[in-house]
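Residues per chain are reported as follows:
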Amino acid sequence: MSLDSFNVTRTFHRDTYPAISPTKASLSQAGKAVLITGGGGGIGFEIARSFAKAGASKIIIVGRRTAVLDAAAVKLREEFKNSTPTPEFIAHQGDIGDDASISSIWKFLNSQNIFVRVLVLNAAHFYPLGPDTLKMDKREIMEGFNTNVGGNFLMTVNFVNQPLRPKGQQLNLVNVSTSTIHIIPGPNSTPYAASKAAFTALTGRIADEHPVEEIQIISFHPGIIYSEGTAKFADKNLKWDEMALPADYAVWAASPEASWLHGRFVWAHWDVDELKADKEFSKRLEQEKGFLRVAVQGLKDISVDAFLNKQGS
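Counting from 1, residues in each chain are numbered in the order their sequence is written. Thresholds applied to this predicted model are a pLDDT of at least 70 for local features of residues and 80 or more for the giving and counting of side-chain atom pairs; totals over whole chains, interfaces and linings are not thresholded and use all residues. To get the side-chain values, all heavy atoms of the structure are used, and hydrogens and water are removed first.

Chemist: Would you mind showing me how to read the nonpolar core here?
Modeler: In globular proteins that are soluble, nonpolar side chains generally tend to be buried together. Put simply, a nonpolar core is a bunch of buried Ala, Val, Leu, Ile, Met, Phe, Trp, Tyr and Cys residues held in one set by side-chain atoms that sit within 4.5 Å of each other. For every residue, the accessible area (1.4 Å probe, protein chains only) is compared with the maximum for its type, and the residue is labelled buried under 20%, exposed over 50%, or partly exposed between those bounds. Membership of the largest hydrophobic core comes to 53 residues, with the highest contact counts inside it found for I47, F51, I59, V120 and W252. Sorting elements by how many residues they give to this core places helix α6 (residues 244–253) first, with seven residues. Setting aside residues no more than four positions away along its own chain, V120 makes contact with V34, L35, I36, T37, I47, F51, V174 and V176. Listed in part, the 26 residues of the second largest apolar core include I105, W106, L119 and V149. What counts as a helix is a DSSP run of H or I of at least four residues, what counts as a strand is a run of E of at least two, and both are numbered from the N terminus. For this analysis, residues touch if any pair of their heavy atoms sits within 4.5 Å.

What follows is the structure, given as structure tokens:
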């Protein structure tokens, strides 16, 4: 298959499959505390279910609406009450677009002696939408950047600097991104695509600074999912992907099996076994620093060293 189209692997998944099953032993999250932003509904709720299936000991779902979070926690507790061991579900109100709220989330976790091993950044700000970005209000555009970039960044900073983190303990950061950062032009979604691209670029560069042994960072496109958010502007009768696909993929992305993709942006659709077996794909990962990374592409052999050598010639 072409590595320059969305059909990177021969198999294009629209639902979960055995290689990313959360019950797979090699994907076990046993004993880990997992925090999921936007965890009260949609993809976030399904991600919580998948981590529970993978044996996570504590699952913290964060969102802005207390009633939605509480209802989600009740459903999760009921579904997994007979699991052994039984995961603890914690619902905590928080707004990723508000610095004080983010600080409060992490202070609460520390006060409860909870050390988070896995952070899933799923909450997102989708608006404004429209065909002409230059007619949009700056304040509305910056709200998206404040959540999708600033809020996610601050969540990551607090995650890495947890007082309860043992020295040398590896962390797992899973960034739920979007295919719109791959699509040019992207009608009606320029601010959303730009803000999501900005944070995905940031995580890729953070991965350059921090080895996978310290913090494993994977960004992925979850698929085309019908949810409360998409229902506001999309037809339910379109061909949607199943929620289980990104939910189970998030567990896989937080496992050692995904470590070779540290800092890259991938699609949940792509078959993980076929991807790893593809020698051309592995070659490009090794040789092309910008492959599946967010940056201006098109020039070969670009690096700081090459640039400095050129300046001195």
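Moving on, there is more to tell.
Chemist: How should I be thinking about the side chain of T180 in this particular structure?
Modeler: Secondary-structure assignment places T180 in the loop between β5 (171–176) and α5 (190–209). Once you skip the residues sitting within four places of it in the chain, T180 turns out to touch S189, Y192 and A193.

Chemist: Is there a simple way to think about the packing of aromatic side chains in this case?
Modeler: A ring pair, where both rings are aromatic, is described by two values, the distance of the centres and the angle of the planes. Ring geometry is summarised as follows: Phe, Tyr and Trp rings, the Trp one being its six-membered ring, pair when their centres sit within 6.5 Å, and such pairs are stacked at plane angles under 30 degrees, edge-to-face over 60 and tilted between the two. Tallied over the full model, the rule gives eight aromatic pairs. Geometrically, the ring pair formed by W106 and F159 is tilted, given 6.3 Å between the ring centres and 40 degrees between the ring planes. Of this pair, W106 sits in helix α3 (residues 99–111) while F159 is found in helix α4 (residues 138–160), placing the two residues 53 residues apart along the sequence. A relative accessible area of 7% places W106 in the buried class. Accessibility expressed as a relative area gives 0% for F159, which makes it buried. An angle of 45 degrees between the planes, with centres 5.2 Å apart, marks the rings of Y249 and W252 as tilted. Remark: W252 and Y249 occur in helix α6; sequence separation between them is three residues, near one turn of the helix. Accessibility expressed as a relative area gives 0% for Y249, which makes it buried. With a relative accessible area of 2%, W252 lands in the buried category.

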